[in-house]
Structure formats: C-alpha cells, structure tokens
Amino acid sequence: MLRTTCSTLLALILLLGCAPGGNHIINVDTGDDTEADKLLIVDCLLPGQIKKLGTGTTYVTPRRPAKVTALDCQERGGEYVSYAQANAGSALKVWLTAAQEGDPVAQTYVGEIYEKGLGLQPNYPLALQWYSKASEQGYARAKLNIGYLYERGLGVKQNIITAMNFYRDASGLSDTPMEFAVNLEGDATSGGAELFRALKNDLEAEKQKIQALRGQMEEAESQVEEKRREMESKSKKLDQERKELAKNSSQEKLKQVEEQLEKRRKEVVRLNADIDDYKNELARLQVPAPKIAVAGPTIQLINPSLINLRGASASITVPPDTKTREVIGRVLAPAGIKNFTVNKNVEKLNEQGVFRVLLALNAERTPVQLAAVDSQGKSSVLEFALVWAKGPPLPAVIAPNNDADGDSHNYALVIGNNNYTQFQKLTTPMNDAKTVAEVLSQRYGYKTTTVMNANRYALLAALNRLGQKLTDKDNLLIYYAGHGELDKEKSTGYWMPVDADLKDQRKWIPNSAITDIINALPAKRVLVIADSCYSGALTRTAVPQFDTNLSEADRLSWLRAVSKSRARVALTSGGLQPVADSGGGTHSVFASVFLQVLQENSSVLEGQRLYNEVAARLATNPIALQIGQVPQYAPIRHAGHESGEYFFLPRRAI
C-alpha cells in the first residue's frame with residue numbers, strides 16, 4: 001500500500017541531552033474549521049505601546065509587525081488579514097514600513113513576499129534587492145536566500161560559486177580555514193558529476209575573468225602613468241612660458257597660458273584619481289576567494305552496522321568459526337566515483353552506489369579496508385575488522401547527557417494518522433508514531449507528545465501548543481506519518497488530517513502553513529521528519545556539512561560554528577512520489593530504517609549523517625527500489641534556518 005500524502009516539515013534537536021523525558025499521549029482536540037483557521041500564522045500589525053518619558057511626556061510607539069497566530073493577533077488588538085485571504089499587498093502593508101526604516105528582519109520578509117509572489121508572479125530581482133539590504137547588515141537568513149536565488153538562477157544568472165559563497169558566509173565558516181563542502185544533487189556514483197563539472201567550469205571562468213581584468217587594469221594603469229608624465233612635461237613648459245610672458249608684460253597671452261596650465265593641472269589630478277581607482281580595483285581582485293570544494297566521497301556500512309565509526313579502526317564480532325561474511329554498504333561521491341576497492345580489490349557499485357562483497361574469514365581476526373577515490377582525486381578510507389566472537393558481546397554504555405546550561409530541553413511532537421474518513425485508511429502510521437515516541441523518550445530523553453488520528457484542528461492545536469512552552473534554547477522534533485498530497489499546478493504539498501475532504505483543499509494543511517508555524521517557534525533547532533507521499537515538495541538546497549576526511553580539530557570547529565546558528569531542517573521519507581505504507585514489518589519502510597539508525601546510535605549523530613545512514617539502507621530495500629523512494633534532507637525554506645544543524649545524543653544505551 002502507498003501513502004498518497006505530501007509533507008514539508010522538520011524536527012528540532014539539541015546537541016546536548018537534557019533531563020529524562022516522558023511520553024504524553026493526548027486525545028484528539030475537538031474544534032471546527034473556523035477555530036482551526038485562528039491557529040494559522042498571519043502577518044499581524046500590533047498596536048503601539050504607551051510609554052512615558054521621565055515623569056512628564058507620554059507617547060505611543062509605532063505599530064509593530066509580527067508573525068503570530070490569528071488568535072494571538074486578535075487578542076492583542078492587532079490588524080491582520082486571514083490566512084486564506086492574505087496576499088502580497090496585505091503582507092507588504094505589515095512589513096514594508098519597518099523594512100524601509102532599515103530593519104533587516106523586515107527587509108528579509110519583504111524579500112520573501114516578492115519571492116513567493118503570494119497571489120502574484122514572483123519578482124525575484126526585487127526580492128534580491130531587499131535581501132541585499134539585509135545581507136549588508138550581516139543578517140544570515142538574507143544571505144541564505146540570496147544564495148538560493150543564485151543556486152537556482154532566479155532573477156540572476158545561475159552561479160553555483162556565488163551561491164556557495166553566500167551559503168558559506170551565512171554558515172559562520174568564512175573566517176575558518178575549512179572548505180565549504182558542497183553536496184551536489186544526483187545519484188551516489190555519477191549523478192553529481194555533471195554539476196561538479198559545471199562547478200569547475202564556473203570556477204575556471206571566474207579565474208579567467210579575474211586574470212583578464214587584472215591584465216586590463218595593469219595596461220590601463222600603464223597608459224595613465226604615461227599620460228600623466230606627458231602632462232607633467234607639458235605643464236613644465238607652459239609654466240616656463242608663463243614666466244617669460246610675465247617678464248614681457250603680455251597680459252592677454254599670459255592669461256591664455258595660465259588657463260592652459262590650470263587645465264593641464266586638473267587633468268593630472270583626474271588621471272591620478274583614475275590611477276587610485278585602478279589600484280583599488282586591482283587590490284579587490286587580488287583578495288583570495290573563499291575556498292569552495294565539492295564534498296569528497298563517503299563510505300557507509302549498512303550490514304554489518306558501524307554508524308559510530310569516525311576514522312578509527314573498530315571491531316565487529318561474528319559467530320565463532322564463521323567462514324564467510326557479506327558486507328553491504330554504499331558510497332556517496334557527489335563529484336563522481338573513480339575507483340572503489342575492498343582490501344585493495346576493485347569492486348563495482350550499482351547505480352545507487354551500493355556494494356555487496358562476500359569476504360572469506362580464514363582467521364580469528366580479518367582486517368577489512370574500504371577505499372573510495374572520486375573524480376577530484378579525493379579519497380575516503382574506512383577500516384574495521386571482523387572478529388570471531390569468544391563470548392556474548394558487552395553492551396555499550398553511555399554516560400547520561402549533561403546539559404550545557406541546564407535551561408535547554410528536547411521536545412518532540414509525534415503524529416500518526418491511520419483512520420481517514422474519506423481517504424484510504426493506512427496501516428502503519430500509528431504504530432510508527434508510538435515506537436518513535438518511545439525511542440525518543442527512553443533513549444534520547446525527549447519530552448514527547450503523541451497525537452493519534454489528528455483532525456485539522458487537533459494537528460494545528462498541537463503545533464500551536466509548542467510555541468507556548470519552547471524557549472530559544474530548546475530543540476524540537478516533529479514527526480508526521482500519514483497521508484500527503486501534491487497540487488502539481490501550484491507545486492504545493494499538503495499534510496492530510498484524518499478529516500480531510502477529498503474535494504475541499506481548505507481542510508488540508510499546506511506545507512506553507514506548517515513552515516510559517518515553524519518560523520514563528522522560538523526554538524533554536526527544529527527538525528521535521530515527514531513520512532508521507534510527496535514529502536519531497538520541500539525545497540532542496542545546499543546544507544553546510546563537514547568533509548568526512550577532516551581532522552578532529554576541524555570537525556569540532558565546524559560543530560562549534562553550526563551549533564551557534566538556528567536550524568530548521570527536514571528529513572522526508574521520499575521525494576515527489578508516493579512512499580510505501582508497509583514493508584518494514586509492523587512499520588513503514590522508512591520508519592523501520594529510521595528507528596534502526598536511532599537505536600544503534602551511541603554518540604553524537606548529526607542530521608546530515610542520520611540522513612546518509614537512512615538513505616544508504618533504503619538504497620538496498622527492494623520495496624523502496626521498486627517505487628523509487630529516495631529520502632531527502634534539506635533546510636526548510638522561509639522557516640528561519642540560519643545554517644545550523646540538528647543533533648541527536650542518546651541519554652543512555654539500551
């Protein structure tokens with residue numbers, strides 16, 4: 001069975017753990033669609049505040065723009081247009097004044113209004129103008145938006161180099177020696193090769209352009225210097241002539257010579273200014289460009305599992321006297337794979353980069369070395385040993401997490417929808433939600449709320465309640481399992497509440513509404529995990545990540561950089577196609593693999609690595625392969641992402 005659903009959300013998590021969590025199951029809230037509409041985010045113009053200046057003057061501050069629920073705006077006496085009736089005009093009325101006064105947040109929102117269109121055709125050049133104003137003030141969200149326009153070629157000539165420079169600057173890595181690892185789209189082995197070549201061509205073109213400009217500047221500088229010397233020589237002659245005329249008292253001719261002399265002097269001043277301009281331009285061109293690189297190859301083990309290995313050799317136990325062991329894994333090479341070996345023997349990869357190798361075990365300990373080299377010449381090596389077991393393996397023990405400041409918490413909202421009234425009933429979402437909530441609560445210490453068979457009001461109410469408890473230090477994970485839909489004409493994805501009407505999209509929940517809710521949440525990190533059809537309707541854009549071959553010092557530098565920024569990211573079970581409702585036993589294919597990775601993890605697990613592990617395991621699943629189900633991982637557009645990353649850290653081993 002397939003889930004005919006669409007999604008667009010993400011989940012929040014903290015790098016550090018918190019106090020032991022708990023799982024709270026709530027009943028479905030009751031409420032009509034009118035009440036549900038009041039829980040959607042709107043552009044609200046709040047009234048000014050009454051303030052006193054000293055003991056005498058009382059004044060009212062200007063009205064303040066804000067993104068809040070319609071109910072909140074109404075209760076605070078604000079002015080707004082309902083979510084269903086809002087358009088570019090109504091949104092600009094709220095944000096434009098503050099943007100014109102120089103507020104970078106408002107400037108970015110105005111840019112997003114023009115980029116989205118909101119009932120009109122998108123105006124990308126105007127969006128770029130407003131983003132640029134905010135970017136000049138150092139606002140990371142605006143820089144990311146500019147990078148996206150260049151990445152997609154919207155309103156500007158497509159330029160991956162420029163896009164990556166903006167992403168890198170926004171990520172906080174500009175002042176580090178690290179390269180920005182570009183994770184190009186495409187299949188694992190060669191799909192990114194074309195983009196890699198385009199990136200190399202863009203880089204080479206920019207180098208040639210700089211070289212040509214430098215030559216032109218140097219030639220112009222030489223010509224100007226020659227003219228300046230000529231002017232000075234003529235000026236000296238005129239000055240001598242002026243002195244002689246002064247002696248002969250020829251006033252009329254003397255006046256003409258002095259006018260020529262003054263003209264020459266002004267020309268020399270102008271030429272000197274031109275030289276200074278050329279020198280400044282040359283200095284600008286000679287500034288080294290930020291380092292950009294396509295991410296090197298990565299090797300992932302699927303079976304046996306080894307998701308916690310980071311460069312150091314590890315041992316994997318196998319039954320005593322085992323003669324053979326199959327090793328299954330996946331190689332990701334955005335620039336295209338050149339060579340892959342297992343114990344120095346060349347092995348083939350399939351279209352998804354998956355390999356299967358049967359190894360002979362002739363001794364108590366069999367070393368295994370996996371090595372991949374991509375078309376850039378970058379390499380990755382993974383080493384471990386298969387060891388005959390001498391006794392039952394000892395479980396790994398992890399110390400309880402220690403929160404950095406004691407004020408941050410991990411929250412999770414888990415939604416499972418089975419019993420649809422008008423759409424086909426599903427089999428696994430409720431069980432998926434139950435197990436996910438248990439793992440998050442027991443293993444990772446999340447304060448978890450589970451909502452089963454949520455109607456439109458219940459789903460929006462559960463999301464709304466999060467905003468009342470979260471702080472800007474907290475992490476949030478939102479897990480949705482259920483139906484999804486895709487409006488191909490509008491390129492809009494939807495989450496489907498159990499009371500969704502087949503013929504009335506007003507009872508569906510668009511991804512844009514979920515995005516607005518996430519944008520308004522105060523949490524520092526949000527991760528949305530959506531297991532529904534068409535969930536890949538999320539924008540796919542670059543995600544800063546570290547190269548697997550980085551030193552531990554550079555990796556820590558990367559982690560420190562991204563941990564300072566807000567994260568709004570999404571892991572979805574598929575792209576723009578249906579996804580399987582079964583195939584993982586009592587769980588969906590995606591949920592089964594996702595749970596495996598979480599349960600096997602025993603250290604810090606970044607969102608990007610979580611995605612890599614899930615994608616690698618699904619690449620060998622026959623059901624996922626049959627329907628072309630490929631998970632996606634990306635920032636949520638217009639949700640407040642600032643190049644941060646999401647992290648999982650187990651509270652204890654199970």
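Cut-offs applied
Residues numbered from 1 in each chain as written. Predicted model: local features only at pLDDT ≥ 70, side-chain atom pairs only at ≥ 80, totals over all residues. Heavy atoms only, no water. Helix = DSSP H or I, 4+ residues; strand = E, 2+ residues; numbered from the N terminus. Buried < 20%, exposed > 50% of the residue type's maximum accessible area, 1.4 Å probe, protein only. Contact = heavy atoms within 4.5 Å. Areas by Shrake-Rupley, 256 points an atom, 1.4 Å probe, with all protein chains shown as cover. Pairing = 2+ DSSP bridges. Axes fitted to C-alpha atoms, helices over the stretch in contact; angles between N-to-C directions. Parallel < 35°, antiparallel > 145°, perpendicular 65-115°, else oblique. Left-handed = near helix turned anticlockwise from the far one by under 90°. Disulfide = S-S within 2.5 Å. Salt bridge = Lys/Arg side-chain N within 4 Å of Asp/Glu carboxyl O. Expected span 1.5 Å × (residues − 1). Polar contact = N/O pair within 3.5 Å; in protein donor to acceptor, adjacent residues only side chain to side chain. Phe/Tyr/Trp six-rings, centres within 6.5 Å; stacked < 30°, edge-to-face > 60°. Lys NZ or Arg CZ within 6 Å of the ring centre and 35° of its normal. Core = buried A, V, L, I, M, F, W, Y, C linked by side-chain atoms within 4.5 Å. Nonpolar A, V, L, I, M, F, W, Y, C, P; charged D, E, K, R; others polar. Bend = angle between axes of the 7 residues up to and from the residue.

**Student:** I'm lost on the overall build of the protein chain in this one. Help?
**Tutor:** Check the secondary structure of the protein chain and you find 16 helices and 30 strands. Per-residue burial for the protein chain yields a buried fraction of 51% across its 654 residues. Sequence-distant contacts, at least 24 apart, represent 77% of the contacts inside the protein chain between residues at least 6 apart. Surface accessibility of the protein chain: about 30500 Å² in total, with carbon and sulfur atoms responsible for 49%.

**Student:** I would appreciate a short explanation of the sheet that holds strand E9 (residues 298-303) in the present structure.
**Tutor:** Working definition: the strands of a sheet are paired by backbone hydrogen bonds and lie parallel or antiparallel to each other. Spatial ordering of the open sheet is given by E9-E11-E14, a layout of three strands whose pairing is antiparallel. Across the chains shown, the open sheet's two edge strands, defined by having one partner strand only, are E9 and strand E14 (354-360). Strand after strand, the sheet turns through a mean of 35° between neighbouring axes, direction not considered. Two strands pair when backbone bridges link them, and E9 and strand E11 (residues 324-332) are joined in this way by five bridges, in the antiparallel orientation.

**Student:** Honestly, the packing of helix H6 (residues 140-152) against helix H7 (residues 160-171) in this entry has me stumped. Any pointers?
**Tutor:** A pair of packed helices can be characterised by two numbers: the angle between their axes and the separation between those axes. At a minimum axis distance of 8 Å, the contact between H6 and H7 shows a crossing angle of 165°. By the angle between their axes, H6 is roughly antiparallel relative to H7. In terms of crossing hand, the pair formed by H6 and H7 is left-handed. Residue-level contacts link Ala140, Lys143, Leu144, Ile146, Gly147, Tyr148, Tyr150 and Glu151 of H6 to Thr162, Ala163, Phe166, Tyr167, Asp169 and Ala170 of H7.

**Student:** Is there a simple way to think about the environment of Gly119 in this case?
**Tutor:** Looking at the secondary structure, you find Gly119 in the loop between helix H4 (104-116) and helix H5 (124-135). Remark: the alpha-carbon pair of Gly119 and Asn87, spanning 32 residues in sequence, is separated by 5.7 Å.

**Student:** Sorry, what's going on with the state of the cysteines here?
**Tutor:** Two cysteines, two sulfur atoms, one covalent bond between them: this is a disulfide. Counted by the stated rule, this structure contains one disulfide. Each sulfur in the disulfide pair Cys44 and Cys73 lies 2.0 Å from the other. One quick way to see it: the torsion about the S-S bond of Cys44 and Cys73 is about 80°, and its sign makes the bridge right-handed. Placement of Cys44 in strand E3 (residues 41-46) and of Cys73 in helix H2 (residues 70-75) is noted, with a sequence separation of 29 residues between them. Judged by relative accessible area, which is 0%, Cys73 ranks as buried.

**Student:** When you look at the pairing of E11 in this model, what are you seeing that I'm missing?
**Tutor:** Every regular strand shows the same layout, with side chains that alternate between the two sheet faces. The sheet contact formed by E11 and E14 spans seven bridges and is antiparallel. Bridging from a neighbouring strand, Thr324 pairs with Ala360 of E14.

**Student:** How should I be thinking about the pattern of salt bridges in this particular structure?
**Tutor:** If charged atoms from side chains of opposite charge come close, those side chains can pair. The full count for this structure, using the stated rule, is 13 salt bridges. Where Glu115 meets Arg637, a salt bridge forms, and the shortest distance between an N and an O atom there is 2.4 Å. Of this pair, Glu115 sits in helix H4 while Arg637 sits in the loop between strand E29 (632-635) and strand E30 (647-648), and the two are 522 residues apart along the sequence. Given a relative accessible area of 7%, Glu115 falls into the buried group. Relative accessible area serves as the criterion here: at 13%, Arg637 is assigned to the buried category. A salt bridge links Lys143 to Asp169, with the nearest nitrogen and oxygen atoms 3.1 Å apart. Residue Lys143 is located in helix H6, and its partner Asp169 is located in helix H7; the two are separated by 26 residues in the primary sequence. Residue Lys143 is classed as buried on the basis of its relative accessible area of 11%.

**Student:** Honestly, helix H10 (residues 429-444) in this entry has me stumped. Any pointers?
**Tutor:** Along an α-helix, a turn takes 3.6 residues, which lines up residues three or four apart on a common side. Between its first and last C-alpha atoms H10 spans 21 Å; for 16 residues at 1.5 Å apiece the expected length is 22 Å, and the two agree. Residue Gly445 follows H10 closely and has a positive phi angle near 70°.

**Student:** Explain the environment of Gln376 here, please?
**Tutor:** Checked against the element boundaries, Gln376 lands in the loop between strand E15 (365-374) and strand E16 (379-388). Classification of Gln376 as partly exposed rests on a relative accessible area of 26%. For the pair formed by Gln376 and Ala335, sequence separation is 41 residues and the distance between their alpha carbons is 6.8 Å. Here the side chain of Gln376 touches Asp374 through a polar contact of 2.8 Å, side chain to side chain.

**Student:** I would appreciate a short explanation of the packing of aromatic side chains in the present structure.
**Tutor:** Describing an aromatic ring pair means giving the distance of the ring centres and the angle of the ring planes. Enumeration over the complete set of coordinates arrives at twelve aromatic pairs. Taking NZ or CZ as reference, Lys67 lies 4.9 Å from the ring centre of Tyr109, over its face. The ring of Tyr148 carries Arg637 above its face, with NZ or CZ at 3.7 Å from the centroid.

**Student:** How do you make sense of the sheet that holds strand E10 (residues 314-318) when you look at a structure like this?
**Tutor:** Read from one edge of the open sheet, five strands run E10-E16-E15-E12-E13, paired in mixed fashion. The sheet terminates laterally at E10 and strand E13 (345-346), the two strands that pair on one side only.

**Student:** What should I look at first to understand the pairing of E10 in this one?
**Tutor:** Alternating positions in E10 separate cleanly, Ala314, Ile316 and Val318 being buried on one face and Ser315 and Thr317 remaining unburied on the opposite face. Both E10 and E16 contribute to a ladder of five bridges, which runs parallel. Looking at E16, one finds that Ser315 is bridged to Ala385.

**Student:** How should the nonpolar core be read in this particular structure?
**Tutor:** Buried together is how nonpolar side chains tend to be arranged in soluble globular proteins. Residues Leu459, Leu463, Leu476, Trp495, Met496, Ile518 and Val528 are the most contacted members of the largest nonpolar core, which totals 43 residues. Within the residue set of this core, elements represented by two or more residues are strand E17 (410-416), helix H11 (456-469), strand E19 (475-481), strand E21 (492-495), helix H12 (511-520) and strand E23 (525-531). Broken down by element, the residue count for this core peaks at eight residues, all from H11. In this structure, Leu463 is in contact with Leu413, Ile478, Ile514, Ile517 and Leu521, ignoring residues within four places of it in sequence. Counting 34 residues, the second-largest nonpolar core is a separate cluster that includes Ala437, Val439, Leu610 and Tyr646.

**Student:** I keep staring at unusual backbone geometry and nothing clicks. Help me out?
**Tutor:** The phi angle of most residues is negative, glycine excepted, and most peptide bonds adopt the trans form. With phi around 50°, Asn343 is a residue other than glycine that occupies positive phi space. In this fold, Asn343 is placed in the loop between strand E12 (337-342) and E13. One non-glycine residue, Lys344, lies in the positive phi region at around 70°. Following the sequence through the fold, Lys344 ends up in the loop between E12 and E13. For Lys344, a relative accessible area of 69% translates into the label exposed.

**Student:** Which parts of the structure should I look at to understand the packing of H10 against helix H14 (residues 589-600)?
**Tutor:** Between H10 and H14, the least distance of the axes is 11 Å, while the angle of their chain directions is 10°. When the axes of H10 and H14 are compared, the pair comes out roughly parallel. Residue-level contacts link Asp432, Thr435, Val436, Val439, Leu440, Arg443 and Tyr444 of H10 to Ala591, Phe594, Leu595, Leu598, Gln599 and Glu600 of H14. Residues that form the contact of H10 with H14 fall into these classes: eight nonpolar, two polar and three charged.

**Student:** Would you mind showing me how to read helix H3 (residues 88-100) here?
**Tutor:** For H3, the principal kink sits at Val94 and spans about 40°. For H3, every residue scored as buried is listed here: Ala88, Ser90, Ala91, Leu92, Val94, Trp95, Ala98 and Ala99. Contacts from the buried residues of H3 go to E3, strand E6 (64-69), H4 and H5. The first or second residue beyond H3 is Gly102, which carries a positive phi of 100°.

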